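Listed below, chain by chain, are the residues.
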Amino acid sequence: MMQVELSNSEIHGLEPREQLFLVGLRLAAGVKPPRFLDVRREDVIGAGVLARSNWMLTHFASGLAPVLEGQDRLWLEGKTLRWQSKIMKINAVLVDQSTLVARALEDSGHRYVFFKGIHQQHQIYRDFFLRPSGDIDLLVPRKSFRAVVDLLGSIGFNPKFERSLWWETFLGERHLYPDTGDYRAIDLHNGLQQPGTPGPANLGAFFDPDAVISHRGQHWQVVPRRLLPLVPAMNLIKGLVSKSKMITHAWDLSQLLGHGQTARVAAFLEVAAEQRLTGTALIALRILHALFPHNYSDMEARLAKVMPGVSDADLLLTLLESPAQSALPRRRDILVDACERHVGRMVSQSLWYGASELTRHFDQEHKAAVGT
């Protein structure tokens, strides 16, 4: 039986595998907790499986493997190597597709930005192969959305389904699939947030010709570094609302913020204020405080006012497992703080979300009627 460091009494309500998953993440972030936890082989396996299902195995193993010994360490390192080999095969296809798409967009003079997925991984970690990606997220201005759909069709990426008012108008997305039959899609966006919570006030700021990453002589437009933390922050809010897994977004944001460096957090809040996303930023920081309380302790008083009815234990369960298992936070808790308790913004977002849900309902009924 091995012992590793464990932190904070709030995790006593978690299962052993969840506790160990959290321990691995905290160790990887440089947190040195004060207490100890006995580690059993089945807990190491359970935590490893949980980390893999959340696409966090590489990060988790980097923290936990060094403190393990014997068969436990060999098992975790071997599982991680097999996982990384699989990621290489998956993401290599997206790297090649990104080159094809970027060339077509640049030759036609369209403004675009790659965000999330392999491109965000490269911006943060200088590595395309830390986590698997299922698609390429591509942002274009709303006015060129239809033209880009046609352009991508000309190079072999086409929609499988008919146009949807809900997808294109409210979600601002269209999924385009390669004619080769590969399941990896281009997720074409004309916005950066879905109905129910605020999006950036100035989307044009994300189109910066100087913000590029390079690979094998090809330059790809990406999110400007200063704005980059807003992307995982918005995805955290989206995950809370949609009840989808989001630990990767929390990890990426904390990495971008130097796991709580005061200057980086201040810069993050400054750019969030410029984009009218202060509420989004504070909710995201509240989540990071639950994960890494010592790192964000200087924000504790301010963050205590964010979603006050939601405990850190609730947030941890939401992050470490499927959010669907936790009833909290409720949509209204998220909306109130995301809109900074501004009544006009809350009403506007609520109406937009209501219209979105009504459209989604009719969209699903239509698909059922036509048998798609």
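Above this text sits the structure in question.
Residues numbered from 1 in each chain as written. Predicted model: local features only at pLDDT ≥ 70, side-chain atom pairs only at ≥ 80, totals over all residues. Heavy atoms only, no water.

Time to look at the overall build of the protein chain. The secondary structure content of the protein chain amounts to 15 helices and 9 strands. Taking 2.2 N^0.38 as the reference for a compact globule, 372 residues should give roughly 21 Å; the C-alpha atoms of the protein chain span a radius of gyration of 21 Å, in line with that estimate. Along the first, second and third principal axes, the C-alpha atoms of the protein chain reach 60 × 50 × 45 Å. Within the protein chain, buried positions represent 56% of all 372 residues. Residue pairs in contact within the protein chain that sit at least 24 positions apart in sequence constitute 68% of those at least 6 positions apart. Of the roughly 16,200 Å² of accessible surface on the protein chain, 54% is carried by carbon and sulfur atoms. Charged side chains in the protein chain number 42 positive and 39 negative. The centres of these two groups are separated by 1 Å. (Helix = DSSP H or I, 4+ residues; strand = E, 2+ residues; numbered from the N terminus. Rg over C-alpha atoms; globule rule 2.2 N^0.38 Å. Buried < 20%, exposed > 50% of the residue type's maximum accessible area, 1.4 Å probe, protein only. Contact = heavy atoms within 4.5 Å. Areas by Shrake-Rupley, 256 points an atom, 1.4 Å probe, with all protein chains shown as cover. Lys, Arg positive; Asp, Glu negative; His and termini not counted. Charge placed at Lys NZ, Arg CZ, Asp CG, Glu CD.)

Before going further, it helps to spend a moment on the pattern of salt bridges. Evaluation of the coordinates by the stated rule reveals 16 salt bridges. With a closest N to O distance of 3.0 Å, Arg40 and Asp43 form a salt bridge. Look at Arg40 and you get partly exposed, because its relative accessible area is 36%. Among the salt bridges present, the one from Asp252 reaches Arg131, with a minimum N-O distance of 2.6 Å. Within this pair, whereas Asp252 is found in helix α9 (residues 247-256), its partner Arg131 is found in the loop between α5 (117-125) and β4 (135-139), the two being separated by 121 residues in sequence. For the pair Asp252 and Arg131, one class covers both residues: buried. (Salt bridge = Lys/Arg side-chain N within 4 Å of Asp/Glu carboxyl O.)

With that out of the way, let us pick up the packing of helix α10 (residues 262-274) against helix α11 (residues 278-291). At a minimum axis separation of 7 Å, α10 and α11 run at an interaxial angle of 150 degrees. The orientation of α10 with respect to α11, classified from their angle, is roughly antiparallel. Along its contact with α10, which presents Val265, Phe268, Leu269, Ala272 and Ala273, the element α11 presents Thr278, Ala281, Leu282 and Leu285. (Axes fitted to C-alpha atoms, helices over the stretch in contact; angles between N-to-C directions. Parallel < 35°, antiparallel > 145°, perpendicular 65-115°, else oblique.)

This brings us to helix α8 (residues 230-242). The end-to-end C-alpha separation of α8 is 18 Å, in line with the 18 Å expected for 13 residues at 1.5 Å each. Extensive coverage of α8 is indicated by the burial of 11 of its 13 residues. Among the residues of α8, those classed as buried are Leu230, Val231, Pro232, Ala233, Met234, Asn235, Leu236, Ile237, Gly239, Leu240 and Val241. Positive phi shows up at Lys243, right after α8, with a value of about 60 degrees. (Expected span 1.5 Å × (residues − 1).)

Our next topic: the pairing of β4. Moving residue by residue along a regular strand, the side chains alternate between the two faces of the sheet. Most of β4 sits inside the fold, with 4 of its 5 residues counted as buried. As defined by bridge partners, β4 adjoins strand β7 (residues 185-189) across 5 bridges and the pair is classed as parallel. Its bridge partner being in β7, Leu139 is matched across the sheet by His189. (Pairing = 2+ DSSP bridges.)

So, on to the nonpolar core. Ranked by size, the top nonpolar core spans 80 residues in total, and within it Phe21, Phe60, Leu76, Leu230, Ile283 and Leu285 carry the most contacts. Among the elements that make up this core, the one with the highest residue count is α11 (9 residues). Here Leu230 is in contact with Phe206, Phe268, Val271, Ala272, Gln275 and Leu277, once residues within four sequence places are set aside. Of all hydrophobic cores here, the second largest spans 25 residues; its members include Leu138, Phe157, Leu188 and Val222. (Core = buried A, V, L, I, M, F, W, Y, C linked by side-chain atoms within 4.5 Å.)

Here we take up the side chain of Ser133. With respect to the helices, strands and loops of the structure, Ser133 is situated in the loop between α5 and β4. Engagement of the side chain of Ser133 in a polar contact is seen with the backbone nitrogen of Ile118, the distance being 3.5 Å. Ignoring anything within four residues of it in the chain, the contact list for Ser133 reads Ile90, Asn91, Leu94, Gly117, Ile118 and Gln121. (Polar contact = N/O pair within 3.5 Å; in protein donor to acceptor, adjacent residues only side chain to side chain.)

A few words now on the environment of Val310. Tracing the backbone shows Val310 in the loop between α12 (300-303) and α13 (312-320). According to the relative accessible area criterion, Val310 is buried, its value standing at 3%. Residues Val310 and Gln261 lie 49 residues apart in sequence; the distance between their C-alpha atoms is 25 Å.

On to the sheet that holds strand β6 (residues 173-178), then. Reading across from one edge, β3-β4-β7-β6-β5 is the order of the 5 strands in this open sheet, with mixed pairing throughout. The open sheet has two edge strands with one neighbour each: β3 (113-115) and β5 (157-158). Two elements, β3 and β4, share 3 bridges in a ladder whose sense is antiparallel. Each bridged residue has a counterpart across the sheet, and for Phe115 the counterpart in β4 is Asp137. In the packing of helix α4 (residues 70-108) onto the sheet, contacts are made with β3, β4, β5, β6 and β7, and the angle to β4 comes to roughly 25 degrees.

With that out of the way, let us pick up the pairing of β7. Among the 5 residues that make up β7, 5 are buried, leaving the element largely enclosed by the rest of the structure. Every second residue of β7 is oriented toward a common face, with Ala185, Asp187 and His189 on one face and Ile186 and Leu188 on the other, all of them buried. Where β6 lies against β7, 4 bridges are found, and the strand directions are antiparallel. Across the sheet, the residue bridging to His175 is Asp187, located in β7. If you look at the hairpin formed by β6 and β7, you'll find 6 residues sitting between the two strands, and Gly181 has a positive phi there, around 95 degrees.

Here the focus is the environment of Met56. Its location among the elements puts Met56 in the loop between α2 (41-53) and α3 (57-64). With 31 residues separating them along the chain, Met56 and Leu25 place their C-alpha atoms 8.8 Å apart. Not counting residues up to four positions away in its chain, the partners in contact with Met56 are Phe21, Leu25, Ala51, Ile247, Thr248 and Trp251.

Keep in mind these values describe shape, not function.
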